[in-house]
Amino acid sequence: MVTIGELASYAGVTVRAVRHYHAKGLLPEPERDNSGYRRYDAGAVIELIKIRTLAEAGVPLARVRELLRAGQEEFAAAVADIDRQLQAEIRERQRHRERIARLASGDSLVLPPEVVEYLDRMRALGVDERIVQAERDGWIPLAAHSPERVPEWMARKRKQLDDPRLVDFYLILGQALDRADDDPRLIELADKLAAYLTRMADERGEDYVDDIDIELPLVKLMDTLAFATVPPARRLIELLKQRGWTGWTKLERVTSTPGATP
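Cut-offs and rules
- Residues numbered from 1 in each chain as written.
- Predicted model: local features only at pLDDT ≥ 70, side-chain atom pairs only at ≥ 80, totals over all residues.
- Heavy atoms only, no water.
- Salt bridge = Lys/Arg side-chain N within 4 Å of Asp/Glu carboxyl O.
- Helix = DSSP H or I, 4+ residues; strand = E, 2+ residues; numbered from the N terminus.
- Buried < 20%, exposed > 50% of the residue type's maximum accessible area, 1.4 Å probe, protein only.
- pLDDT = per-residue confidence, 0-100.
- Contact = heavy atoms within 4.5 Å.
- Polar contact = N/O pair within 3.5 Å; in protein donor to acceptor, adjacent residues only side chain to side chain.
- Axes fitted to C-alpha atoms, helices over the stretch in contact; angles between N-to-C directions.
- Parallel < 35°, antiparallel > 145°, perpendicular 65-115°, else oblique.
- Left-handed = near helix turned anticlockwise from the far one by under 90°.
- Nonpolar A, V, L, I, M, F, W, Y, C, P; charged D, E, K, R; others polar.
- Core = buried A, V, L, I, M, F, W, Y, C linked by side-chain atoms within 4.5 Å.
- Expected span 1.5 Å × (residues − 1).

Undergrad: Lay out the pattern of salt bridges in plain terms, naming residues and giving numbers.
TA: Pairing between side chains becomes possible if they bear opposite charge and their charged atoms approach one another. Scanning all chains against the criterion turns up 16 salt bridges. The residue Arg243 makes a salt bridge to Asp191 at a minimum N-O spacing of 2.5 Å. In this pair, Arg243 sits in the loop between helix 13 (233-241) and strand 1 (245-246) while Asp191 sits in helix 10 (residues 184-204), placing the two residues 52 residues apart along the sequence. When its relative accessible area of 31% is taken as the criterion, Asp191 is described as partly exposed. Of the charged contacts in the structure, one is a salt bridge between Arg235 and Glu238, with a shortest N-O distance of 3.1 Å. Note that Arg235 and Glu238 are positioned in helix 13 at a spacing of three residues, about one turn of the helix. Take Glu238: its relative accessible area is 45%, and that puts it in the partly exposed class. Linked by salt bridges that have partners in common, Arg63, Glu66, Asp81 and Arg84 make up one network.

Laid out in structure tokens, this is it:
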């Protein structure tokens, strides 16, 4: 017969752990000697080692008792089930680690990887950082609202960036943002942008221009975010509207305004 301290030592655990296993009902309480101290036999040592081994393997304590009493087939099935649960937990924790790792990487924290890749490609093409930021701010609520559609939208966006004329559109847009509202060159840039949009729509269809079909409240939210990042965009939209186009997040054709510049 051994004391609780000796039992803990033989099994490689702490006395506190032994008491915890007693409280959980995993290790039966032994009889006490005349002095009131617990006394354990060799069987308790073996049982405690089994408990410790299962616990260290990641088996939840709530299932340890089940495994200790299971037959060979039941034991194998239970272990397989626990293994599947552990694998799922590992995958979930890995996703948490990836999110934590993104904390210092800016866009990656709140955006899917394909959107981050798209924004990085815009930067590599020389697109004005203000436009990239406006795009980023718009994609944050869009990806949160409709995450299942992000792959579809990004596939179209990547394809569009392969078109040199679309890249020129972004570059021209960047130039327009540096112009004062009364700068005559802003009108010239608006002409170029409108002509580009019209040509794209005529060649590829208006769906190619207005390629994100989302609800109006979300469109307004994304427009607000864009105007906060790029205030000159409001004046540019006024000029574009006179040339047959309106909107920022959602571009649409409009009927010609009386007296508008052709």
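Next comes the rest of the account.
Undergrad: If you had to explain the confidence of the model for the chain to someone new, which residues and values would you point to?
TA: In this model, the chain carries a mean pLDDT of 82, and residues with pLDDT of at least 70 account for 90%. Mean pLDDT across the elements of the chain bottoms out in helix 11 (residues 206-209) (69) and peaks in helix 2 (residues 15-24) (91). Note on residues 257-262: pLDDT under 50 across the span, and five contacts to partners over four residues away in sequence or across chains.

Undergrad: Give a description of the side chain of His22 that names residues and reports values.
TA: For His22, the position within the fold is in helix 2. By relative accessible area, which is 9% here, His22 ends up buried. Within the structure, the side chain of His22 is placed 2.7 Å from the backbone oxygen of Leu27, a separation counted as a polar contact. When neighbours within four sequence positions are excluded, His22 is seen to be in contact with Leu27, Pro28, Glu29, Pro30, Arg38 and Tyr40.

Undergrad: Lay out the packing of helix 10 against helix 13 in plain terms, naming residues and giving numbers.
TA: Look at helix 10 against helix 13: their axes get within 9 Å of each other, and the N-to-C directions meet at 60°. In terms of orientation, helix 10 lies oblique with respect to helix 13. In the packing of helix 10 onto helix 13, the handedness of the crossing is right-handed. Where helix 10 abuts helix 13, its residues Leu186, Ile187, Ala190, Leu193 and Ala194 lie against Arg235, Leu236, Leu239 and Leu240. Counted by class, the contact of helix 10 with helix 13 contains eight nonpolar, no polar and one charged residues.

Undergrad: Help me get a handle on the nonpolar core, residues and values and all.
TA: If you look at the biggest cluster of nonpolar residues, it comprises 48 residues, and the most contacted ones within it are Tyr118, Met122, Trp139, Phe169, Tyr170 and Leu236. Elements supplying a minimum of two residues to this core: helix 6 (113-124), helix 7 (129-145), helix 8 (150-161), helix 9 (164-176), helix 10, helix 12 (216-229) and helix 13. With nine residues, the single largest contributor to this core is helix 10. Non-local contacts of Phe169, meaning those with residues more than four positions away in its chain, are made with Leu193, Tyr196 and Leu197. Membership of the second largest hydrophobic core comes to 22 residues, among which are Val13, Tyr40, Ile51 and Val59.

Undergrad: Report on helix 3 (residues 42-56), specifying residues and quantitative values.
TA: The end-to-end C-alpha distance of helix 3 is 21 Å, a good match for the 21 Å that 15 residues give at a rise of 1.5 Å each. Here helix 3 has its buried residues at Ala44, Val45, Leu48, Ile51 and Leu54. Between the side-chain oxygen of the N-cap and the backbone nitrogen of Gly43 there are 3.1 Å, and the N-cap of helix 3 in question is Asp41. Phi turns positive, to about 95°, at Gly58, one or two residues after helix 3.

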